[in-house]
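The lines below spell out each chain.
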Amino acid sequence: MEQLERERQASLARQIAVDLATQSVVGVALTWVDNSGITRVKAVPVGRLERAAAWGVGASPVFDTFLVDDSTVVGRFAGGPVGDLRLHPDLSRLTTLAAAPGWAWAPANRYDQDGAPHPQDARAIARREVWLLAALGFTAQAAFEVEWCVSIGDGDEFVAACKGPGYGMTRLVELSGYLRDLLSALTAQAVSVEQIHPEYAAGQYEVSVAVDDPVGAADTAVLVRETIRTVSARHGMRATFGPKVLADGVGNGFHVHLSLWRDGVNLMSGGAGRYGLTPAGEAFMAGILARLPALLALGAPSVASYLRLIPSHWAGAFACWGLENREAAMRFVTGALADRATAANVEVKCFDAAANPYLLMAGLLAAGRAGLTSEATLPEPVEVDPASLDPQTRAARGILALPGTLEDAVVTFESDPVLGEALGAALVDTVATVRRGEIALLANADAATIAARTRWRY
Ligand code: GLU
Ligand code: MG
């Protein structure tokens, strides 16, 4: 970071601090998401924001090797007690937290002490992927869907905070005050909510938000999750985004909606391909489809993820695509008739919120870009539940079951050249080390134990 940029940031922070003080904001939370998918934080009083913006706040690089239970591992390129990084708030995304009076939040970029971006900073890598796509003449629009379950009180046992049926109006009635406060807080924070509804699993709800640029979408996912957590606590409840809250039943997904654009035109629509896909839109999707097994190491990164990622649970356990097919890992959505040209997108369903959204977004964009440069094409779409096809038919149609264990996903990830180039060898090693650390942590644990030990961590 150049001196001029430091001065620019300092002057911006000075103005923002004045504004924050008039809103009685006392502290600013600076967050980043680690490789285990946990949002970590350092906070500064408003009076120190200027200094933080110019020079950053110290944070150990050891967080790159934290596991879900806060123990650490040591990789070849990360881990251990030595070194320091600087967290720089992205002031353009600074938000006053409506449900946590006195607090504001900003996502942080991590730099080294000399002012160079930390090579294993997920947000920086996601930003780079956006630039690389732009260099080819494309932009992407993205949104994460957040599913969560709410439990009564603060106990470790999960006790669903609502009793009504899945998608039932009863659940809205039961927790109407909670959902109202959540909507108000998100709206006050300039999060553009598109929909909120009770989901299928016990105590489960979902919120979906408007699309944004890919890094903005990942920031919003962090903000939405922490807002849900805050509002839940204020209502005497506990929120969990864990992939599998209870050993049986349906899990919490973290579906990613993506569309590819050029010159203001959505390339998922208006083309001569299937369902209106253009060649570029198809190639982008095909690049992602081909790399889903490896991408799982980023998007289904917990041992608990594989309790969720099973057929016939709407989690998308098969690597295939289909129009509005909720059992395909990639569900193609043309959108409502009125706004097809802008709304058409693909929803990648196989991911869950143990994912670091920045890292996952970087991987998705890199995979899509690889599809674009190789002019990849999609296989035939699948119009049934792939689990209903016999294995021979699935094999003949090229429909693969996604990896059934985290270890299988990690092995594929480690040897994937596209993700390797996007993340760099150091981060690939760190991610694989963290994944194997968590596999060892939960080795021999049964499903109920895995659910219980991960439930309150995300
Ligand atoms: N809860 C399901 C999952 O684990 C998704 C349900 C839906 O399609 O919205 O991904
Ligand atoms: Mg859902």
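Please refer to the structure placed before this passage.
Residues numbered from 1 in each chain as written. Chains lettered and ligands numbered in written order. Predicted model: local features only at pLDDT ≥ 70, side-chain atom pairs only at ≥ 80, totals over all residues. Heavy atoms only, no water.

Right, let's talk about the overall build of the protein chain for a bit. A tally of helices and strands in the protein chain yields 16 helices and 17 strands. Taken over the C-alpha trace, the protein chain has a radius of gyration of 21 Å; the compact-globule value for 458 residues is 23 Å, and the two agree within 12%. Projected onto the principal axes, the alpha-carbon positions of the protein chain cover approximately 65 × 50 × 50 Å. For the protein chain, with 458 residues in total, the buried portion stands at 58%. Across the protein chain, the fraction of contacts at a sequence separation of at least 24, relative to all contacts at a separation of at least 6, is 71%. Total accessible area on the protein chain is roughly 17,700 Å²; 56% of this is exposed by carbon and sulfur atoms. (Helix = DSSP H or I, 4+ residues; strand = E, 2+ residues; numbered from the N terminus. Rg over C-alpha atoms; globule rule 2.2 N^0.38 Å. Buried < 20%, exposed > 50% of the residue type's maximum accessible area, 1.4 Å probe, protein only. Contact = heavy atoms within 4.5 Å. Areas by Shrake-Rupley, 256 points an atom, 1.4 Å probe, with all protein chains shown as cover.)

Around ligand 1, 13 residues are found, and the nearest of them are E147, E199, H255, R308 and K349. Within the side chain of H255, one N or O atom sits 2.7 Å away from an oxygen atom of ligand 1. A distance of 2.6 Å is found between an oxygen atom of ligand 1 and a side-chain nitrogen or oxygen belonging to R308. Here ligand 1 loses 95% of its free accessible area of 300 Å² to cover by the protein chains. Partitioning the shell around ligand 1 into residue classes produces three nonpolar, five polar and five charged. (Near = heavy atom within 4 Å. Polar contact = N/O pair within 3.5 Å; in protein donor to acceptor, adjacent residues only side chain to side chain. Nonpolar A, V, L, I, M, F, W, Y, C, P; charged D, E, K, R; others polar.)

We now examine the coordination of the magnesium ion (ligand 2). Within the protein, the atoms that donate to the magnesium ion (ligand 2) are E147 (OE), E199 (OE) and E206 (OE), at distances of 1.9 to 2.2 Å. Given the relative accessible area of 6%, E147 is considered buried. By relative accessible area, which is 9% here, E199 ends up buried. (Donors = N, O, S within 2.8 Å, 3.2 Å for Na, K, Ca; no water.)

As a further point, take unusual backbone geometry. Most of the time, phi is negative for any residue but glycine, and the peptide bond is trans. Even without glycine at this site, D263 takes up a positive phi of about 50°. Tracing the sequence through the fold places D263 in the loop between β12 (256-262) and β13 (265-266). On the basis of relative accessibility, which here comes to 74%, the residue D263 falls in the exposed class. A positive phi angle, near 60°, is found at S312, a position not held by glycine. Along the chain, S312 turns up in the loop between α9 (305-308) and β14 (318-323). Taking the relative accessible area as the measure of exposure, S312 reaches 46% and is therefore partly exposed.

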